[in-house]
Amino acid sequence: MSKLQQLYEGKAKRVYATQNADEVIVSYKDDATALDGLKKGTISGKGAINNRMTNFFMQMLEKEGVPTHFVEELNDRETVVKKVSIVPLEVIIRNISAGSFAKRYGVEEGIVFAEPTIEFSYKNDDLHDPLINSYHALALNLATKEEIKRIKELAFKVNDVLKAYFLKLNVKLVDFKLEFGRLSDGTIVLADEISPDTCRFWDADTNEKLDKDRFRRDMGGVEDAYNEMMRRVFGE
Ligand code: UDP
């Protein structure tokens, strides 16, 4: 399997066509953006970390009954995935208050919720990814009722699996963002990535941030945080 023409370049990844019409190659970059694209930078080694971690979690989730787009890791930055049509919703699960939730509702970060929450943002850069509810997503034909039901069910399942896994690494899974795609037969699968770019990870003892918030908030130690998560997951 090798790369043919580039199909798409996003903020953190490039996507290439392959010889197989049903598969594409994702290539992870070290580029990072935050604050709706206003903040730009690089996090050295991030592409390789996010590639490896995402693939590890996708395979773990497959085993737990969550269908994913993962096919095969090619090298440290590139992975073959099934071609999907992305459902234009960012699906956010939260276990602990942080980020935009804390800001929106005027509460501190770190409140542990009795139940996880779910919310959607409409993936639309021109509109700055506005918060959207499922009725509005339906009205805009972003997904069907059945797809939204399935996405919610899979997102909570992902949370159950990952939350328990990270706790064993002494990491609190505060919140994270998922994206889902449709295969050509309409099956909904987990797509995109699961990494310190898309999850908030806090050390369970100290609440030290081990994720992209260190970049977003100019806290320093960004590479160290990504490397520490790599060490906890893979023991290296
Ligand atoms: N997130 C993401 N991409 C986005 C927005 C959010 O991966 O475009 C992730 C983010 O890393 C965090 C979770 O989704 O783990 C919730 O983010 P939040 O809504 O609090 O937004 P933020 O404070 O990051 O703007």
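These lines cover the structure that appears in this document, whether it is placed above or below. (Residues numbered from 1 in each chain as written. Predicted model: local features only at pLDDT ≥ 70, side-chain atom pairs only at ≥ 80, totals over all residues. Heavy atoms only, no water.)

### Concerning helix α1 (residues 46-63)
- Counted at 1.5 Å a residue, the expected span for α1 with its 18 residues is 26 Å, and the 26 Å between its end C-alpha atoms agrees.
- Residues Lys-46, Gly-47, Ile-49, Asn-50, Asn-51, Met-53, Thr-54, Asn-55, Phe-57, Met-58, Met-60 and Leu-61 constitute the buried set of α1.
- Positive phi shows up at Gly-65, right after α1, with a value of about 95°. (Helix = DSSP H or I, 4+ residues; strand = E, 2+ residues; numbered from the N terminus. Expected span 1.5 Å × (residues − 1). Buried < 20%, exposed > 50% of the residue type's maximum accessible area, 1.4 Å probe, protein only.)

### Comments concerning the site of the ligand
- Every one of the 14 residues lining the ligand counts as a neighbour, but Arg-94, Ser-100, Asp-175, Arg-200 and Arg-216 are closest to it.
- Between Asp-175 and the ligand, the recorded distance is 2.6 Å, taken from a side-chain N or O atom to an oxygen atom.
- For the ligand, whose free accessible area comes to 510 Å², the fraction covered by protein is 75%.
- Elements with a contribution of two residues or more to the shell around the ligand: β9 (89-96), α2 (99-105), β12 (171-182) and β14 (199-203).
- A breakdown of the residues in the shell around the ligand according to their chemical character gives four nonpolar, three polar and seven charged. (Near = heavy atom within 4 Å. Polar contact = N/O pair within 3.5 Å; in protein donor to acceptor, adjacent residues only side chain to side chain. Areas by Shrake-Rupley, 256 points an atom, 1.4 Å probe, with all protein chains shown as cover. Nonpolar A, V, L, I, M, F, W, Y, C, P; charged D, E, K, R; others polar.)

### Description of the packing of α1 against helix α4 (residues 145-168)
- It is the contact of α1 with α4, at a shortest axis distance of 11 Å, that shows an interaxial angle of 120°. Considered as vectors, α1 and α4 are oriented oblique to each other. Classified by chirality, the crossing of α4 by α1 is right-handed. Between α1 and α4, the contacting residues are Phe-56, Phe-57, Met-60 and Leu-61 on the first element and Val-158, Val-161, Leu-162, Tyr-165 and Phe-166 on the second.
- A breakdown of the residues in the contact of α1 with α4 according to their chemical character gives nine nonpolar, no polar and no charged. (Axes fitted to C-alpha atoms, helices over the stretch in contact; angles between N-to-C directions. Parallel < 35°, antiparallel > 145°, perpendicular 65-115°, else oblique. Left-handed = near helix turned anticlockwise from the far one by under 90°. Contact = heavy atoms within 4.5 Å.)

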